[in-house]
There are 4 protein chains.
Amino acid sequence: MTANIRVTIWNEYRHERRSPEVAKIYPEGIHGTLAKALSEKGFTVRTATLDEPEHGLTDEVLENTDVMIWWGHMAHPEVRDEIVQKVYQRVLDGMGLVVLHSGHFSKIFKKLLGTDCDLKWRETNDKERLWVVAPGHPITEGIGDYIELEHEEMYGEPFGIPTPETLVFVSWFTGGEVFRSGCCYTRGQGKIFYFRPGHETLPTYHNPEIQLVISNAVRWANPTATRKLIRGNTPALEK
Amino acid sequence: MTANIRVTIWNEYRHERRSPEVAKIYPEGIHGTLAKALSEKGFTVRTATLDEPEHGLTDEVLENTDVMIWWGHMAHPEVRDEIVQKVYQRVLDGMGLVVLHSGHFSKIFKKLLGTDCDLKWRETNDKERLWVVAPGHPITEGIGDYIELEHEEMYGEPFGIPTPETLVFVSWFTGGEVFRSGCCYTRGQGKIFYFRPGHETLPTYHNPEIQLVISNAVRWANPTATRKLIRGNTPALEK
Amino acid sequence: MTANIRVTIWNEYRHERRSPEVAKIYPEGIHGTLAKALSEKGFTVRTATLDEPEHGLTDEVLENTDVMIWWGHMAHPEVRDEIVQKVYQRVLDGMGLVVLHSGHFSKIFKKLLGTDCDLKWRETNDKERLWVVAPGHPITEGIGDYIELEHEEMYGEPFGIPTPETLVFVSWFTGGEVFRSGCCYTRGQGKIFYFRPGHETLPTYHNPEIQLVISNAVRWANPTATRKLIRGNTPALEK
Amino acid sequence: MTANIRVTIWNEYRHERRSPEVAKIYPEGIHGTLAKALSEKGFTVRTATLDEPEHGLTDEVLENTDVMIWWGHMAHPEVRDEIVQKVYQRVLDGMGLVVLHSGHFSKIFKKLLGTDCDLKWRETNDKERLWVVAPGHPITEGIGDYIELEHEEMYGEPFGIPTPETLVFVSWFTGGEVFRSGCCYTRGQGKIFYFRPGHETLPTYHNPEIQLVISNAVRWANPTATRKLIRGNTPALEK
């Protein structure tokens, strides 16, 4: 079944090309690291990046994507509105979306959530613990009581999001903050999962537990029951 | 307390000026009818309409509005994006918002909800019954088991909205449809209530029960605990 | 995968043995009809009834059940509290539970929901339409815009339940009422789905669409990520 | 308005009478400390304790209580089921309920929530920070970014509760855990707030911010729109 899930990993792919520090950690880009991990788990994976034509998100790519993964940070404003609109429509029509880390400020995430998605942050190598608060949820399959990340950027509350339909992870940081780190939403027929960790200067996406959560999220967000909706002017039904 | 709640009723105010049929029902506009009703209940009321400068929504008006009521239909695209952005920011900062009937397709509602807000509809004088499904909720205060409207436009499911935080009313229509007619949301520090009835060719807003629900909703949406949020780069806390 | 889901269909099985009218519709009991339907769809099915020892719900049966279906009506008080407690614990540990029709008043449903689950009802052959309000939800797979049942008992709001995590169906009845007919909950690691239709004097469970919803619900409620929880007195973690 | 809210503070009142250490902190009982604080804020307050006849919760007391506060710990099993049933019914009928700290394991809380309410804990003087994650919510009025408690018992996830309708606070503990510390629910017409802090050996309930949250919660849980529900066998409505 996993093999039938077609994943498109979208990455801004700027930090990796500009910063030798980041390039050392993700020599083939964050998308490359995730593509390798998800391919090995059996998904059908492709990647797309900001500087490709149409940001790599042509109609053909979008039509053939079951779940999209989104990483962006420094170039959110450069993502063209008409591409955002197409991704948005695909989510409403059923495509799953997994938004990672600094993707919280992406146009597509804010458009789907309806809020500013703002937060606290700090780059000083806090330790992070992501506690499972929804045991039994498929996104937590194979994960223990919590995930520990020796170093991560801190994100702190109040996180400017609507109340998640399901809150899956809550993070603890050494510096004293907490954060809603794993949040599930439905928009239209599409499922959305936000997953916090993944600062570009840290090897978080090489972590097998983080890769496991992302692959669980892809399976969870895979559309299974999409349909053409009947809307507009409709006659009265028979009595 | 009611007297301290400053309400701005925003109305597109086009149907009333173009259609004698509508003008007969709402000679001073839908906003005029609602302004009278809410004033009599003790609220501090002002109105604003599309064709005023800045759609009547200057910074001064927005800053001095606790709860905004929104009715629009034929001219949604004419509402300028920068005004929508200001209303949006005010909601995130705590201003309440009560969206009526065809306002489901307004820019501000879709922007705050993150979905297309599409639905079925039919203009053939169905009877509507709005059933209370959240008894005890303050928006239902003074309302019986249900509200009956002899004639209303039908709106039918599937309504393209995120799952309401609280579903307050569900409508039954003669023609065989149902609709989630009273829906509560929080976005940022602001509360939002969508209330279905109110087709411009029908005297719905003269109905005392409909006026009561709207005034209850204004009281419910009135901000009481807004604050300046601490976000951005923040140092670690003391151990 | 379906073959690996072990379903136990629990039925009170009193109406069918006492009423010739009911027996004619369900000669092998409601559980028999559902067992046949689910077996044909490939599930591993067993049944259990009130008048068997331990109501048919021995520890061995419970341990080997992934999803339980529950139908009861006239004999709710006869279900022994210690059996209810075991079913309850199994749900918290991850077993799925699909509660049908008059099971809304069963001990197990009220215990898991925390409310009285009361409602309106009427037995006069209303027509029922179950509208899909959560398109894209796996429980709606294969179902059109709505399901129509020519005759069903009416259930009406206000239904005494907590706000569903996801509301999947809303019913319309000829007599003028609406009802939240398909409701999803999580309790502990277990998923619960309440599905309204199924009066014993009507052939509802022979309806292929109703059977489809029930089988979808079983797949949805099947536990996939259960775990042993770490609770109680725990030492501080390493810094 | 506050003066019209009739609060009954229920306390097990055993630790204070058995342990000199606890008695030193709460010489008049935890209920006495809270009663003083709430009276000074203008509420109409009475108290009730386990060892009074009917645990102090006579029909007369229950009928005249708008919001009940509940603290219990070592003697949960001694609370009689018929009293629990009466409190439960009053909540469904609209009475507010604020459950404090170890009250998570009380019969009334588990009965209303439908889960086991289990958790991790540790008594070694962790520091606790309660972060506001629902800014704008009335329960947070007057509270800053977070509340800091120099010493508190740790409670850790996974907390065995249904997803809160609104999650208001999330706690951080020095020892590395997080906890959903302020949780809102509706059951029937009644509002419920669970608030974590308040170990008997620590002066938490003397803390003005903790007192402020509790008084905000009482105002939030005060019933405003309760009604007699129409249920049971009902005739069809007019077309």
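Rules used throughout
- Residues numbered from 1 in each chain as written.
- Chains lettered and ligands numbered in written order.
- Predicted model: local features only at pLDDT ≥ 70, side-chain atom pairs only at ≥ 80, totals over all residues.
- Helix = DSSP H or I, 4+ residues; strand = E, 2+ residues; numbered from the N terminus.
- Buried ≥ 20, exposed ≤ 12 C-beta atoms within 10 Å, placed from the backbone.
- Contact = placed C-beta atoms within 7 Å.
- Least-squares fit on C-alpha atoms with pLDDT ≥ 70 in both.
- Expected span 1.5 Å × (residues − 1).
- Nonpolar A, V, L, I, M, F, W, Y, C, P; charged D, E, K, R; others polar.
- Core = buried A, V, L, I, M, F, W, Y, C linked by C-beta atoms within 7 Å.
- Pairing = 2+ DSSP bridges.
- pLDDT = per-residue confidence, 0-100.
- Right-handed = clockwise from strand over helix to strand, strands pointing away.

K.L.:
What's the story with the overall build of chain A in this structure? I'm lost.
P.N.:
Helices and strands together make up the secondary structure of chain A, namely seven helices and 10 strands. Dimensions of chain A, computed from C-alpha atoms along their principal axes, come out at roughly 65 × 40 × 35 Å. Going through the 239 residues of chain A one by one, you find that 58% of them count as buried. By sequence separation, contacts in chain A at least 24 residues apart represent 72% of the contacts at least 6 residues apart.

K.L.:
Explain the relation of the copies chain A and chain B to me, please; I cannot follow it from the model alone.
P.N.:
There are two copies of the chain, and a rotation about an axis plus a shift along that axis relates them. With an RMSD of 0.0 Å, chain A superimposes on chain B once it is rotated by 180 degrees and translated 0.0 Å along the axis. The relationship between the two copies is best expressed as a two-fold rotation axis. For chain A, the minimum C-alpha distance to the rotation axis belongs to Gly-114 of chain A and amounts to 2.4 Å. An overlap of 100% is found between the interface residues of chain A and their copies at the interface of chain B, pointing to a shared contact surface.

K.L.:
Just to check I follow, could you spell out helix H5 (residues 81–92) of chain B for this structure?
P.N.:
Note that an α-helix has 3.6 residues per turn; residues three or four places apart therefore point the same way. Residue and element names in this part refer to chain B. With 12 residues, H5 should cover 16 Å at 1.5 Å per step; its first-to-last C-alpha distance of 16 Å lies within 8% of that length. When we look at burial in H5, the residues that qualify are Val-84, Lys-86, Val-87, Tyr-88, Arg-90, Val-91 and Leu-92. Buried positions along H5 lie against helix H4 (59–63), strand E3 (67–71), strand E4 (96–100), helix H6 (107–113), strand E8 (178–187) and strand E9 (190–195).

K.L.:
Hey, could you run me through the interface of chain A and chain D in this one?
P.N.:
Frequently, the measure chosen for interface size is the accessible area removed from exposure when the parts meet. Each partner contributes to the interface: chain A provides 16 residues, whereas chain D provides 16 residues. At four residues, strand E7 (residues 166–173) of chain A tops the list of elements feeding residues into the side of chain A that touches chain D. Residues that form the side of chain A that touches chain D fall into these classes: nine nonpolar, three polar and four charged.

K.L.:
How should the nonpolar core be read in this particular structure?
P.N.:
Generally speaking, a soluble globular protein has its nonpolar side chains buried in company with each other. Val-98, Ala-217 and Val-218 of chain B together with Ile-69, Val-98, Ala-217 and Val-218 of chain C are the most contacted members of the largest nonpolar core, which has 142 residues in total. Core analysis: the next-biggest nonpolar cluster, separate from the first, contains 138 residues, Trp-131 and Ile-147 of chain A together with Trp-131 and Tyr-155 of chain D among them.

K.L.:
Hey, could you run me through the interface of chain A and chain B in this one?
P.N.:
Contact residues are listed per partner, giving 33 residues for chain A and 33 residues for chain B. For the side of chain A that touches chain B, the secondary structure elements donating two or more residues are helix H6 (107–113), strand E5 (120–132), strand E8 (178–187) and strand E10 (232–233) of chain A. Here the side of chain A that touches chain B gets four residues from one element, more than from any other, and that element is E5 of chain A. The residue inventory of the side of chain A that touches chain B, partitioned by class, reads 12 nonpolar, 13 polar and eight charged. With two bridges joining them, E5 of chain A and strand E10 (residues 232–233) of chain B adopt parallel strand pairing.

K.L.:
Any chance you could explain the environment of Glu-63 of chain B here in plain terms?
P.N.:
All names here are of chain B. Relative to the elements of secondary structure, Glu-63 occurs in helix H4. A tally of 11 C-beta atoms within 10 Å means that Glu-63 is categorised as exposed. Taking the C-alpha atoms as reference points, Glu-63 and Trp-172, 109 residues apart in sequence, are found 38 Å from one another.

K.L.:
How should the relation of the copies chain A and chain D be read in this particular structure?
P.N.:
Overlaying chain A on chain D yields an RMSD of 0.0 Å, the required transformation being a rotation through 180 degrees with an accompanying axial translation of 0.0 Å. Looking at the interface residues of chain A, 100% of them are also at the interface in chain D, so both copies use one shared face.

K.L.:
What am I meant to see in unusual backbone geometry here?
P.N.:
Only a minority of non-glycine residues have a phi that is not negative, and only a minority of peptide bonds are not trans. Residue and element names in this part refer to chain A. For the peptide bond that leads from Glu-157 to Pro-158, omega is 5 degrees, which places it in the cis range. Within the element layout of this structure, Pro-158 appears in the loop between strand E6 (146–156) and E7. In this structure, Cys-117 takes a positive phi of about 60 degrees despite not being glycine. Mapping Cys-117 onto the fold places it in the loop between H6 and E5.

K.L.:
So what exactly am I meant to see when it comes to the environment of Gly-198 of chain B here?
P.N.:
All names here are of chain B. Tracing the backbone through its elements, the reader meets Gly-198 in the loop between E9 and helix H7 (208–221). Take Gly-198: there are 23 C-beta atoms within 10 Å of it, and that puts it in the buried class. Once residues within four sequence positions are removed from consideration, Gly-198 is found in contact with Trp-71, Leu-100, His-101, Thr-204 and Tyr-205.

K.L.:
Help me understand the confidence of the model for chain A in this model?
P.N.:
The predicted coordinates should not be examined in detail at positions where pLDDT is low. Of the residues in chain A, 100% have a pLDDT of 70 or more, and the chain-wide mean is 97. Scored by ipTM, the complex comes to 0.97, with pTM at 0.98.

K.L.:
I would appreciate a short explanation of helix H3 (residues 29–40) of chain B in the present structure.
P.N.:
With 12 residues, H3 of chain B extends 17 Å between its outermost C-alpha atoms, agreeing within 8% with the 16 Å of an ideal straight helix rising 1.5 Å per residue. Residues of H3 of chain B that are buried in the fold lie against strand E1 (6–11), helix H1 (15–18), strand E2 (44–49), E3 and H7 of chain B.

K.L.:
Is there a simple way to explain the pairing of strand E4 (residues 96–100) of chain D in this structure?
P.N.:
Regular strands have side chains that alternate between both faces of the sheet. All names here are of chain D. In terms of burial, E4 is a largely internal element, five of the five residues being buried. Side-chain alternation along E4 places Gly-96, Val-98 and Leu-100 on one buried face and Leu-97 and Val-99 on a second face that is also buried. Looking at chain direction, strand E3 (residues 67–71) and E4 are connected through four bridges and run parallel. Residue pairing in the sheet places Met-68 in a bridge with Leu-97 of E4. For the crossover from E3 across helix H5 (residues 81–92) to E4, the handedness is right-handed. Note: E4 against strand E9 (residues 190–195), four bridges, orientation parallel. Each residue of the ladder has a partner; that of Leu-97, found in E9, is Ile-192.

K.L.:
Would you mind going over the environment of His-151 of chain D with me for this structure?
P.N.:
Residues and elements named next belong to chain D. Structurally, the position occupied by His-151 is in strand E6 (residues 146–156). Judged by the 16 C-beta atoms lying within 10 Å of it, His-151 falls in the partly exposed class. Residues His-151 and Lys-191, spaced 40 residues apart in sequence, show a C-alpha to C-alpha distance of 29 Å. When residues no more than four places from it in sequence are discounted, the contact partners of His-151 are Asn-125, Lys-127 and Leu-202.

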